[in-house]
Structures are given as structure tokens and as C-alpha cells.
Amino acid sequence: MAAAGDGPLYDDAAGRLVRPYTVINGRTRPTTALDLLSQVMATGATPLGYLGPEHEQALDLCRAPVSVAEVAAHLKLPAAVTKVLLSDLVDCGALTTKPPTFQHNPTDRSLLEAVLDGLRRQL
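The structure displayed is predicted, hence computed values, not measured ones.

### Some remarks on the nonpolar core
- One finds V40, C62, V71, L86, L89 and L95 to be the most contacted residues of the largest nonpolar core, which totals 18 residues.
- Where this core is concerned, the elements lending two or more residues are helix 2 (53-61), helix 3 (68-75) and helix 4 (79-91).
- Here this core gets five residues from one element, more than from any other, and that element is helix 4.
- With residues near it in sequence (within four places) discarded, V40 still touches L34, C62, A64, P65, V66, V68, V71, L86, L95, T96 and T97.

Next up, the structure:
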């Protein structure tokens, strides 16, 4: 039985019925450079050509700016597969992307120590 909204490609008991790399025809490299924190957003342009169900789901998730990591989590696909999927949508003009912006220096020692402290408190 398919989970709500997942279509025929997902079964509650069996999990994903189609291998993730089948979704992107075995391709392993996106044509657009995407980071897990890159923001993607739908442009409103109608993509030309055939889009698979995962492409359509990804496009639906990108109505507002969303990170690549969030799209991967919602689609229940590996990040590498999601990057190729999103890259397809950027190539056909359906998505726009911008690199991640940081409020702080990501290698700032005090920030890294704060993250480490938080992780230690979780253990």
C-alpha cells in the first residue's frame, strides 16, 4: 500500500520500490554546482519535456526557497540523487539557485566549540 502523497513508487512495508539511481537514469553528477545548504526556488516557468514524479515533487517543494538538504529529506532520496534531480530542473529553467549565505564564519572557533558543546549535552 502506498503512503499518502508518495505515489506508486513507495510502499509502507517494502519502502522505496524504485532504486534511487533509476530515478536519474544512473547519472551521478549534477550539471549545476549545488551545496547541501544551497537554496533552490521555483521560477514559475513551465519545464519543457518529460518530468518524472520525483522532479514534479521536488518542484512542488520549491515553491518557497528551500535547501537542497530539505528537498532530499522530503523526497527520501540520497543527497547525490537529489542534486542531479534539482540540477535537471535548473537546466530547464524551472528552478533558480543561490549559494548558501552564512551569518557567521563557518570555521569560527567559538561557533565550532558551541556546536561541540551542544552535541556533548545531547549524549
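The discussion continues.
### Structural notes on the packing of helix 2 against helix 3
- At a minimum axis distance of 10 Å, the contact between helix 2 and helix 3 shows a crossing angle of 130°. Taken together, helix 2 and helix 3 sit at an angle that is classed as oblique. Here helix 2 runs over helix 3; the crossing is right-handed. The segment helix 2 lies against helix 3, with E54, Q57, A58 and L61 engaging V71, H74 and L75.
- Broken down by class, the residue content of the contact of helix 2 with helix 3 amounts to four nonpolar, two polar and one charged.

### As for the packing of helix 2 against helix 4
- Orientation of helix 2 relative to helix 4, taken along the N-to-C sense of each, is 75°, at an axis distance of 10 Å. Classed by the angle they form, the pair helix 2 and helix 4 counts as roughly perpendicular. Together, E54, H55, A58 and L59 of helix 2 and L85, L86, D88 and L89 of helix 4 make up the contact between the two elements.
- Grouping the amino acids of the contact of helix 2 with helix 4 by side-chain chemistry returns five nonpolar, one polar and two charged.

Calculation notes
Residues numbered from 1 in each chain as written. Predicted model: local features only at pLDDT ≥ 70, side-chain atom pairs only at ≥ 80, totals over all residues. Heavy atoms only, no water. Core = buried A, V, L, I, M, F, W, Y, C linked by side-chain atoms within 4.5 Å. Buried < 20%, exposed > 50% of the residue type's maximum accessible area, 1.4 Å probe, protein only. Helix = DSSP H or I, 4+ residues; strand = E, 2+ residues; numbered from the N terminus. Contact = heavy atoms within 4.5 Å. Axes fitted to C-alpha atoms, helices over the stretch in contact; angles between N-to-C directions. Parallel < 35°, antiparallel > 145°, perpendicular 65-115°, else oblique. Left-handed = near helix turned anticlockwise from the far one by under 90°. Nonpolar A, V, L, I, M, F, W, Y, C, P; charged D, E, K, R; others polar.

Any link to function would need more than the numbers given here.
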